Amino acid sequence: MKYPFPVGESDFIQGDEAIARAAILAGCRFYAGYPITPASEIFEAMALYMPLVDGVSIQIEDEIGSLAAVIGASWAGAKAMTATSGPGFSLMMENLGYAIMTETPLVLVDVQRSGPSTGQPTLAAQGDVMQAIWGTHGDHSIIVLTPATVQEAFDMTIRAFNLAEKYRTPVVLLTDGEVGHMRERVNIPDPDEIELVYRKLPRNEDEAKYPFRDWDSDGIPPMPVFGKGYHAYVTGLTHDERGRPKTVEAEIHEKLINRIIGKIEKNKDDIIEYETFGLEDAEVAIVSYGIVARSAIRAVKILRKEGIKAGLLKLNVVWPFDFEMIEDIAEQVGKIYVPEMNLGQVYHLVKEGANGKAEVELIPKIGGEIHTPDDIVRAVR
Amino acid sequence: MYLKSSYDIRDKYLRKDMLPTIFCPGCGIGAVLQYTLRAIDELGWSKDEVVWVSGIGCSARVPGFVDFDGLHTTHGRALAFATGIKMANPDLKVIAFMGDGDAAAIGGNHFIHAIRRNLDVTVILINNFTYGMTGGQVAPTALKGLKGTTAPYGNFENPFDIANLAVAAGANYVARWSVFNYLQGINSIKKALQKKGFSLVEFLSQCPISFGRRNKMKTGAELIRWYQKITVPISKAKNMSPEELEGKIVIGEFVDRDRPSLDEEYERYKRRAKEIMGWKE
Ligand SMILES: Cc1ncc(C[n+]2csc(CCOP(=O)(O)OP(=O)(O)O)c2C)c(N)n1
Ligand code: SF4
């Protein structure tokens, strides 16, 4: 296979560009989108590359339609992706719920900008965390990844596709305008060295007839692809294991929703990924994610030089959330700081995790600027 | 045309475990479904190559009852989902079954843009002048003066003429019939299914329960008689004045042409991209 960009070597590229290239290497062959700052460069890169690799890149009339088309493409058998930013992300919420309910693998990139509303289009923020986790209506779970560097944006895009295929679920890559627009050196591996995951397909006629049954007791039913003679019926209504609408039966709804949530929550260990810096002997902890984690690493170094035993937990996945790990950290340290480019979103999760075992303090920052290491040092000091 | 018995059509194409349907007695949706299945049957299409897509509403429940691949999506978005299905696998034949509220109100934007792109899909549209499923609110197709629960004193807005809208937006094939015109209806669906690019067959369909009751037409039969009264064949309408056409609905074939479809255009676009980039096939 020939690629329209260098593979097996490094390149100096933007975060948005890295996401597009990684998607293509992950096997994505359908992209639908609607332009929005600061996510448009993902679309523009996809528009450039997709026709060359026999994939589709198409500009839909709005974000509602973009995610709809991506879901359709996924049921037609393609790995598919869309990317947007705040206002577009809000428009996608109904169909994101549909994708969760119908267990459709896909990747949705949200390059966060500052809001609410059109807010600060060209500036970064971390204001969509709650929306990514809880934005759609009803009870559900989802996977949300948060890259801090352009390399991570690349690596996590591939991981997002793999998790989507493995767990038959939408995955949100929650990045921000800073990572999206920043240029950094990225190692683009040889395609042969990239491990790719593909969705489970029905292995026999019975499995094809029950596309929502937990055949392997792992919560993940094999997914029939359209056009292969399975005659699968897919609906966002509460459905039984055959996919037939069952809209008033409490037990069926409960079983379906608990399985959809369970397949993610029970596999937390496989999904959750984090890094720590100096947390082993820390007396104060910083919990951070995305672009802000880079300032937090520096802050830990400065604090340590000043004799304050600080440590960092950098979350690469903000959902599912490891509440127990936070409680363990809370038992070890006296205080946890959560620097965020918002007025407190992951802060609430950390506070719940800490369970009163440690004081949790938010270090908020809004307006489009990233915390400097000093902002964090001053708050901790 | 030789008409097979309805039982044959039912046994061949419906999902027995899904019956009975949710449709009220006297509803026209079942008839239009039957026309569509007869058209598929006459064309001899395999059930494996057709995907049905729909949004939300009574009409949108149809894919649940037919034994094909089907995607019952969100309200108004069927054609956006269909865009992904068709473009990801152009070998699939896609039928979208839509209500008038679904297609022309919440889904109006997807509707005109799918037509503009000439997406290769056949839309079967149930126009019952109302939102059946949610209990009889006015639809964007409702003629002035018709009653709905959200316009209890009679509709004060101008209606959409969906067929003409589709012609203007660039559809390859557009026809409109009432459920009463079953032979023309089946023939039109056959033509529409065979057409590359966007095709639309709109049916004036009776909804006695949510619509008729509120407009002094309590039964399906009364509604069909009303449709007979207010419809005018397109050939006759050509010689009628705007005054004479006031309150009438034109039926017939509106357009039949062969502009290239979206998937065909995209194939060409891919080749152009490779040429420009110097990639040899
Ligand atoms: C986003 C959203 N808004 C509103 C609804 C409620 N709703 C369900 S069906 C429907 C209207 C259906 O009317 P129409 O498309 O004309 O189909 P019919 O039931 O008449 O066949 C509405 C408004 C919904 N399901 N989703
Ligand atoms: S409410 Fe109207 S459109 Fe819906 S099934 Fe009943 S008669 Fe048909």
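Given the structure is predicted, the values throughout are model-derived calculations rather than measurements.

Novice: A description of the overall build of chain B should follow, citing residues and the corresponding values.
Specialist: In terms of helices and strands, chain B carries 12 helices and 10 strands. Its C-alpha atoms give chain B a radius of gyration of 19 Å, within 12% of the compact-globule value 19 Å for 281 residues. Taking the principal axes of its C-alpha atoms as reference, chain B extends roughly 65 × 45 × 35 Å. Looking at the 281 residues of chain B, the share that counts as buried comes to 57%. Once local pairs closer than 6 in sequence are excluded, the contacts in chain B between residues at least 24 apart make up 68%. If you sum the accessible surface of chain B, you get close to 11,700 Å²; carbon and sulfur atoms cover 53% of it.

Novice: Describe in detail unusual backbone geometry, supporting the description with residues and values.
Specialist: Pro-38 of chain A follows Thr-37 of chain A through a cis peptide bond whose omega is -5°. Tracing the backbone shows Pro-38 of chain A in the loop between strand 2 (28-33) and helix 2 (40-49). Look at the link from Gly-115 of chain A to Pro-116 of chain A: it is a cis peptide, with omega at 5°. The phi dihedral of Lys-216 of chain B is positive, around 60°, even though this residue is not glycine. Position of Lys-216 of chain B among the secondary structure elements: in the loop between strand 8 (199-204) and helix 9 (220-230).

Novice: Residues and numbers for the domain arrangement of chain A, please.
Specialist: Residues and elements named next belong to chain A. Splitting chain A by domain gives domain 1 (9-193), domain 2 (205-269) and domain 3 (273-380). Each partner contributes residues to the interface: domain 1 has 28 residues there, and domain 3 has 24 residues. Summing both partners gives a buried area of about 2,100 Å² for domain 1 against domain 3, and 56% of it is carried by carbon and sulfur. Together, Gln-126, Met-130 and Thr-146 form the three largest contributors to the area buried by domain 1 at its contact with domain 3, with a combined 29%. For the interface between domain 1 and domain 3, the tally reads 3 salt bridges. Residue Lys-314 is joined to Glu-152 by a salt bridge in which the shortest nitrogen-to-oxygen separation is 2.7 Å. Of all elements in the fold, only strand 6 (120-124), helix 6 (129-134), strand 7 (143-145), helix 7 (150-167) and helix 8 (177-181) reach the threshold of two or more residues within the side of domain 1 that touches domain 3. Broken down by element, the residue count for the side of domain 1 that touches domain 3 peaks at 4 residues, all from helix 6. Looking at the side of domain 1 that touches domain 3, its residues break down into 16 nonpolar, 6 polar and 6 charged.

Novice: Tell me about the packing of helix 3 (residues 63-75) of chain A against helix 5 (residues 93-101) of chain A, and please be specific about residues and values.
Specialist: All names here are of chain A. Interaxial distance between helix 3 and helix 5 falls to 8 Å at its minimum, and their mutual angle equals 15°. With respect to helix 5, the element helix 3 is oriented roughly parallel. Note on packing geometry: the crossing formed by helix 3 with helix 5 is left-handed. Contacts between helix 3 and helix 5 involve Ile-64, Leu-67, Ala-68 and Ile-71 on the former and, on the latter, Asn-95, Leu-96, Tyr-98 and Ala-99. Per-class residue counts for the contact of helix 3 with helix 5 are 7 nonpolar, 1 polar and no charged.

Novice: An account of the nonpolar core is requested, with residue identities and associated values reported.
Specialist: Of all hydrophobic cores here, the largest spans 158 residues; its most connected members are Phe-30, Met-81 and Ile-336 of chain A together with Phe-111 and Phe-198 of chain B. Here the element with the most residues in this core is helix 7 of chain A; it accounts for 10 residues. The residues contacting Phe-111 of chain B, other than those within four sequence positions of it, are Leu-79, Ala-103, Leu-125, Ile-162, Leu-165, Ala-166, Phe-198 and Leu-200 of chain B. Listed in part, the 46 residues of the second largest apolar core include Phe-68, Leu-143, Ala-175 and Trp-177 of chain B.

Novice: Any chance you could break down the packing of aromatic side chains for me, citing the residues and the numbers?
Specialist: All names here are of chain B. Applying the stated criterion across every chain, the model contains 21 aromatic pairs over all chains. Ring geometry for Trp-52 and Phe-97: centres 6.1 Å apart, planes at 15°, overall stacked. A residue pair is termed long-range when its members are at least 10 positions apart, and Trp-52 in strand 1 (residues 50-54) and Phe-97 in strand 3 (residues 93-99) qualify at 45 residues. Side by side, Trp-52 and Phe-97 carry an identical accessibility label, which is buried. Summarising the aromatic geometry, the rings of Phe-129 and Trp-226 are spaced 5.6 Å apart at their centres and angled 65° between planes, so their arrangement reads as edge-to-face.

Novice: Kindly report on helix 3 of chain A, identifying the contributing residues and their values.
Specialist: Residues and elements named next belong to chain A. When the terminal C-alpha atoms of helix 3 are compared, their 19 Å separation across 13 residues agrees well with the 18 Å that a helix rising 1.5 Å per residue should span. With 13 of 13 residues buried, helix 3 lies mostly within the body of the structure. Sitting at the head of helix 3, Asp-62 places a side-chain oxygen 3.1 Å from the backbone nitrogen of Ile-64. Directly after helix 3, the chain includes Gly-77, whose backbone phi takes a positive value near 105°.

Novice: Before we move on, can you summarise the interface of chain B and chain A with the specific residues and values?
Specialist: Facing 40 residues of chain B, the contacting portion of chain A comprises 46 residues. A buried area of about 3,600 Å², summed over both sides, lies between chain B and chain A, and 61% of it is on carbon and sulfur atoms. Looking at the side of chain B facing chain A, the largest losses of area belong to Asp-69, His-72 and Trp-279 of chain B, adding up to 18% of the total buried there. With a closest N to O distance of 3.8 Å, Asp-54 of chain A and Lys-270 of chain B form a salt bridge. Counting across the chain B and chain A interface gives 20 residue pairs in polar contact (both at pLDDT 80 or more). Contributions of two or more residues to the side of chain B that touches chain A are made by helix 3 (62-65), strand 2 (69-72), helix 4 (78-88), helix 6 (108-117) and helix 12 (262-276) of chain B. Per element, the largest residue contribution to the side of chain B that touches chain A is 7 residues, and it comes from helix 4 of chain B. Taken together, the residues of the side of chain B that touches chain A break down into 17 nonpolar, 12 polar and 11 charged.

Novice: Now, about the site of ligand 1: what can you tell me, with residues and values included?
Specialist: Taken together, the neighbourhood of ligand 1 is formed by 17 residues, with Cys-58, Ser-59, Asp-100, Asp-102 and Gly-132 of chain B sitting nearest. The environment of ligand 1 is shared, with nearby residues belonging to chains A and B. Interatomic distance of 2.6 Å between a side-chain N/O atom of Asp-100 of chain B and an oxygen atom of ligand 1. Gly-132 of chain B places a polar main-chain atom, nitrogen or oxygen, 2.8 Å from an oxygen atom of ligand 1.

Novice: Describe the pattern of salt bridges, listing the residues and the values that go with them.
Specialist: Scanning all chains against the criterion turns up 47 salt bridges over all chains. Between Glu-324 of chain A and Lys-268 of chain A there is a salt bridge, with its nearest N and O atoms 4.0 Å apart. In this pair, Glu-324 of chain A sits in helix 13 (residues 323-332) while Lys-268 of chain A sits in helix 11 (residues 268-271), placing the two residues 56 residues apart along the sequence. Classification of Lys-268 of chain A as buried rests on a relative accessible area of 15%. Across the salt bridge formed by Asp-256 of chain B and Lys-195 of chain B, the nearest N and O atoms sit 2.6 Å from each other. With Asp-256 of chain B in strand 10 (residues 249-256) and Lys-195 of chain B in the loop between helix 8 (182-194) and strand 8, this pair connects stretches of sequence that are 61 residues apart. Judged by its relative accessible area of 12%, Lys-195 of chain B is buried. Through salt bridges that share partners, Lys-200, Arg-203, Glu-207, Asp-216 and Asp-218 of chain A make up one connected network.

Novice: Before we move on, could you go through the sheet that holds strand 11 (residues 274-277) of chain A and cite the residues and values that matter?
Specialist: Residue and element names in this part refer to chain A. Across the sheet, 5 strands lie side by side as 11-13-12-15-16; this open sheet has mixed pairing. Strands at the two margins of the open sheet, each flanked by one partner only, are strand 11 and strand 16 (359-364). Between one strand axis and the next, the sheet turns by 20° as a mean value, whatever way the strands run. Of the pairings in the sheet, the one linking strand 12 (residues 284-289) to strand 13 (residues 310-315) comprises 6 bridges and is parallel in character. By the bridge assignment for strand 13, Ile-286 is matched with Leu-312.

Calculation notes
Residues numbered from 1 in each chain as written. Chains lettered and ligands numbered in written order. Predicted model: local features only at pLDDT ≥ 70, side-chain atom pairs only at ≥ 80, totals over all residues. Heavy atoms only, no water. Helix = DSSP H or I, 4+ residues; strand = E, 2+ residues; numbered from the N terminus. Rg over C-alpha atoms; globule rule 2.2 N^0.38 Å. Buried < 20%, exposed > 50% of the residue type's maximum accessible area, 1.4 Å probe, protein only. Contact = heavy atoms within 4.5 Å. Areas by Shrake-Rupley, 256 points an atom, 1.4 Å probe, with all protein chains shown as cover. Domains from an automatic or database assignment. Buried area = accessible area lost by both parts, 1.4 Å probe. Salt bridge = Lys/Arg side-chain N within 4 Å of Asp/Glu carboxyl O. Nonpolar A, V, L, I, M, F, W, Y, C, P; charged D, E, K, R; others polar. Axes fitted to C-alpha atoms, helices over the stretch in contact; angles between N-to-C directions. Parallel < 35°, antiparallel > 145°, perpendicular 65-115°, else oblique. Left-handed = near helix turned anticlockwise from the far one by under 90°. Core = buried A, V, L, I, M, F, W, Y, C linked by side-chain atoms within 4.5 Å. Phe/Tyr/Trp six-rings, centres within 6.5 Å; stacked < 30°, edge-to-face > 60°. Expected span 1.5 Å × (residues − 1). Polar contact = N/O pair within 3.5 Å; in protein donor to acceptor, adjacent residues only side chain to side chain. Near = heavy atom within 4 Å. Pairing = 2+ DSSP bridges.

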